[in-house]
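Here is how the chains run, residue by residue.
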Protein chains: 2
Amino acid sequence: MRKVAIKTPSKSYEVFIEAGLRREIGRRMDDVLAQPASSVLIISDSVVAPLYLDEVKNSFSDLAVHTAVIEAGEASKSFTVFEQLLTKALEAGLDRKSVIVALGGGVVGDIAGFVAATFMRGIRFIQVPTTLLAHDSSVGGKVAINHPLGKNMVGSFHQPEAVFYDTEVLYSLSEREWRSGFAEVMKHGLIRKPSFLTWLQTTISSLESIPVEVLDELLEQSIAVKAEIVAEDEKEAGVRAYLNLGHTLGHALETKLGYGKLTHGEAVVIGIVFAMRLSGKLCGLSANVDDYEKWFQRLGYDTKIPAHLQADELIETMMKDKKTEGGTIRMVLLRSIGEATTMTVSSDEIKQLLVEQVEVD
Amino acid sequence: MRKVAIKTPSKSYEVFIEAGLRREIGRRMDDVLAQPASSVLIISDSVVAPLYLDEVKNSFSDLAVHTAVIEAGEASKSFTVFEQLLTKALEAGLDRKSVIVALGGGVVGDIAGFVAATFMRGIRFIQVPTTLLAHDSSVGGKVAINHPLGKNMVGSFHQPEAVFYDTEVLYSLSEREWRSGFAEVMKHGLIRKPSFLTWLQTTISSLESIPVEVLDELLEQSIAVKAEIVAEDEKEAGVRAYLNLGHTLGHALETKLGYGKLTHGEAVVIGIVFAMRLSGKLCGLSANVDDYEKWFQRLGYDTKIPAHLQADELIETMMKDKKTEGGTIRMVLLRSIGEATTMTVSSDEIKQLLVEQVEVD
Ligand SMILES: NC(=O)c1ccc[n+]([C@@H]2O[C@H](COP(=O)([O-])OP(=O)(O)OC[C@H]3O[C@@H](n4cnc5c(N)ncnc54)[C@H](O)[C@@H]3O)[C@@H](O)[C@H]2O)c1
Ligand SMILES: NC(=O)c1ccc[n+]([C@@H]2O[C@H](COP(=O)([O-])OP(=O)(O)OC[C@H]3O[C@@H](n4cnc5c(N)ncnc54)[C@H](O)[C@@H]3O)[C@@H](O)[C@H]2O)c1
């Protein structure tokens, strides 16, 4: 079994990576909890639950195990579903010693984590990520729901007690979902680990069939980058912001298109290409962005901004992003591959490049 | 000016107590913030706003100051109002450097604090308590909203940057609100400071006209108890639970009667009498509870459980309290005046005493 240690000021815990782990969650949970759980609520979604919920549930022996299944998809990260899950937790009689298990992708992890963060002012939770993207979202304690006026606008920092990552379950993901998650893998290489990025470029030429040994290695390396960053900066006061490479434009695209039209990672890759071009202009990135764009395209990513979107409306949306302060746009850029920085940019500075990246109809 | 220092693992800050302080919030805020605020949202309620909002607002000079006024009363600590306030914050363009100012009693402090705790995963906030009760609720970082199935069930721990307590504003409170707040003052004496309790008993014989010098002294002493406890145990893993003396039954009374029938403190005093009697039975409290009950009654408190309530339904509600774990009832009791403890009690042990405390119709 592979393990990555996560050390933050508020909590230390481990990410366990192993094929078949879903069938052992109950037993493994006992090992990681300092105080035993009084009861468990497993939260999953309508796609994941039919596939894996029973196996996870059956891995618990003498505990009261409750389950809640939300509709699959980003729309579930809402106030309404948040309130429904809290009602469920109360009706199931959860108390301060109970543990919530998030079984699913980033959507389930984010909302189940926020429920855990706020139920009775915070109870423990366990991440059981089932998407490739969730190798990122399940580590580091950022939990949230969306507001109609912006993504992830309401949330907390609440670290899980452990992350149990079963690589086997990733093989039921669609190719789009592989692509969505792989964007965050590449991002980790770009901001922090050039050698890992080079390894990815030489090893991964298609997302259709990554062998399990490659997958395990890739996850361990990618999570290790996240672990380093979170250890240095739990609450995003500094370097943690680098994880937002590609996300300012990415979020604006998701907001303008409506959640779900592009996957999170697909939107992020468009944002990464944009951030790299801007880095060439504003902070001396000398890497050949065209080459990267071609690699992304070979992996199946669309790297252009959809044709019907206007640069101005994207800029306006970017101004409302959490990362902006006082009406400017704060973006993550690259000085070189592996070396990120943040910069405040004006709408004038970015408009031309944005327009150039819009798809020709 | 009087000051009480609050030191918790997550943050240190001060409570400033002074008549007229509301007119200086803007200037004083600058002194306590390490990083300046980018903008401010003052949250108040429909009773407090007409009285004091303008004065507070005018104390800010060159900042963008937004305001939101919620309906006065416990019913506002709801999901709906929570979401409305977050919408307001987004529409006003608040960002991560913005500061929320809670101007009001415990209701405003609790919900505004929870908005601050969750807006963009947490921004700074300032408490400007305007009720006597809020000398307790504004200190220590417990913030929450209610769920139809239980009070304060959804919330966080989020410490303010400072508490600015203007004693002058307390004189517009109704006598019932003085009584509500004074319950928490007596509680602080009962669980931790017998000398303070004796001072209260000899000094305060009526809540109708407490002179301002006595009020200042009383607040400083009472907040000092809270400060000690919060310093020892920020997240309520141990001694902080002692602050819940009288609250298990108190909350059950509020839930069963509907919020607002009894004030929080009125409900707590009934709970305190009950806890003291139970302490005599279960953990050797030798104090004469009748004498205390008479003092409470002289101050205008009703110490009996309203006649139409059944012991069984109260017990059932107490079982659902946050402080209970695994179906038992966890209560704060007194070994002696000034020395609190927690005990798990069964419904059998408490039923007889509960029945005896019900008002004779
Ligand atoms: N908290 C963080 O630090 C962080 C970081 C990045 C992204 N996120 C959030 O993560 C979310 C996106 O996560 P996601 O891409 O995992 O989305 P997701 O949870 O919606 O999963 C994508 C789809 O795959 C399905 N699915 C999940 N596991 C499956 C499996 N094993 N087999 C088949 N189908 C499966 C889901 O039901 C869903 O339909 C966004 O809301 C984003 O904001 C959070
Ligand atoms: N967070 C904590 O640690 C903590 C501790 C104890 C209680 N609480 C919470 O506090 C709440 C009760 O607080 P509260 O008793 O202050 O209630 P409140 O905020 O509802 O205030 C009581 C009434 O007094 C009015 N009012 C406030 N200031 C006034 C003033 N200066 N002059 C005239 N009227 C004024 C209010 O509009 C309201 O109608 C409850 O929700 C309780 O759960 C929280």
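Everything numeric in this text was worked out from a predicted model, so none of it was measured.

Residue and element names in this part refer to chain A. On domain assignment, one finds that chain A holds domain 1 (2–172) and domain 2 (176–357). Between the C-alpha centres of domain 1 and domain 2 there is a distance of 26 Å. Each side of the interface is counted separately: domain 1 has 31 residues, and domain 2 has 38 residues. Connecting domain 1 to domain 2 are six salt bridges. Here Lys187 and Asp136 are joined by a salt bridge, their closest N and O atoms 3.2 Å apart. The interface formed by domain 1 and domain 2 contains 14 residue pairs in polar contact (both at pLDDT 80 or more). Put simply, the parts of the chain that give the side of domain 1 that touches domain 2 at least two residues each are strand E1 (2–7), strand E2 (12–17), helix H5 (134–137), strand E7 (142–147) and strand E8 (150–157). Of the residues belonging to the side of domain 1 that touches domain 2, the class tally is 14 nonpolar, 11 polar and six charged.

In this section: the site of ligand 2. Residues and elements named next belong to chain B. Taken together, 26 residues form the shell around ligand 2, and within it Glu74, Gly106, Thr130, Thr131 and Ser172 come nearest. The contact in question runs from an oxygen atom of ligand 2 to an N or O atom on the side chain of Glu74, over 2.7 Å. Here a nitrogen atom of ligand 2 sits 3.5 Å away from a polar atom, N or O, in the main chain of Ser137. The protein chains hide 90% of the 860 Å² of surface that ligand 2 would expose on its own.

A word on the sheet that holds strand E9 (residues 162–165) of chain A. Residues and elements named next belong to chain A. Here we have seven strands laid out as an open sheet, ordered E1-E2-E9-E6-E5-E3-E4, and mixed in their pairing. Of all the strands in the sheet, just E1 and strand E4 (65–70) have a single pairing partner and so form its edges. If you compare each strand with its neighbour and ignore which way they point, the axes differ by 15 degrees on average. Sheet topology places strand E3 (residues 40–45) next to E4; six bridges connect them, and they run parallel. Within E4, the position partnered with Ser44 by the bridge is Val69. With respect to the sheet, helix H2 (residues 48–58) is in contact with E3, E4 and strand E5 (99–104), its orientation differing from that of E3 by roughly 160 degrees. Across the sheet, helix H3 (residues 79–91) is in contact with E3 and E4; its angle to E4 comes to roughly 165 degrees.

Definitions and limits used
Residues numbered from 1 in each chain as written. Chains lettered and ligands numbered in written order. Predicted model: local features only at pLDDT ≥ 70, side-chain atom pairs only at ≥ 80, totals over all residues. Heavy atoms only, no water. Domains from an automatic or database assignment. Contact = heavy atoms within 4.5 Å. Salt bridge = Lys/Arg side-chain N within 4 Å of Asp/Glu carboxyl O. Polar contact = N/O pair within 3.5 Å; in protein donor to acceptor, adjacent residues only side chain to side chain. Helix = DSSP H or I, 4+ residues; strand = E, 2+ residues; numbered from the N terminus. Nonpolar A, V, L, I, M, F, W, Y, C, P; charged D, E, K, R; others polar. Near = heavy atom within 4 Å. Areas by Shrake-Rupley, 256 points an atom, 1.4 Å probe, with all protein chains shown as cover. Pairing = 2+ DSSP bridges. Axes fitted to C-alpha atoms, helices over the stretch in contact; angles between N-to-C directions.

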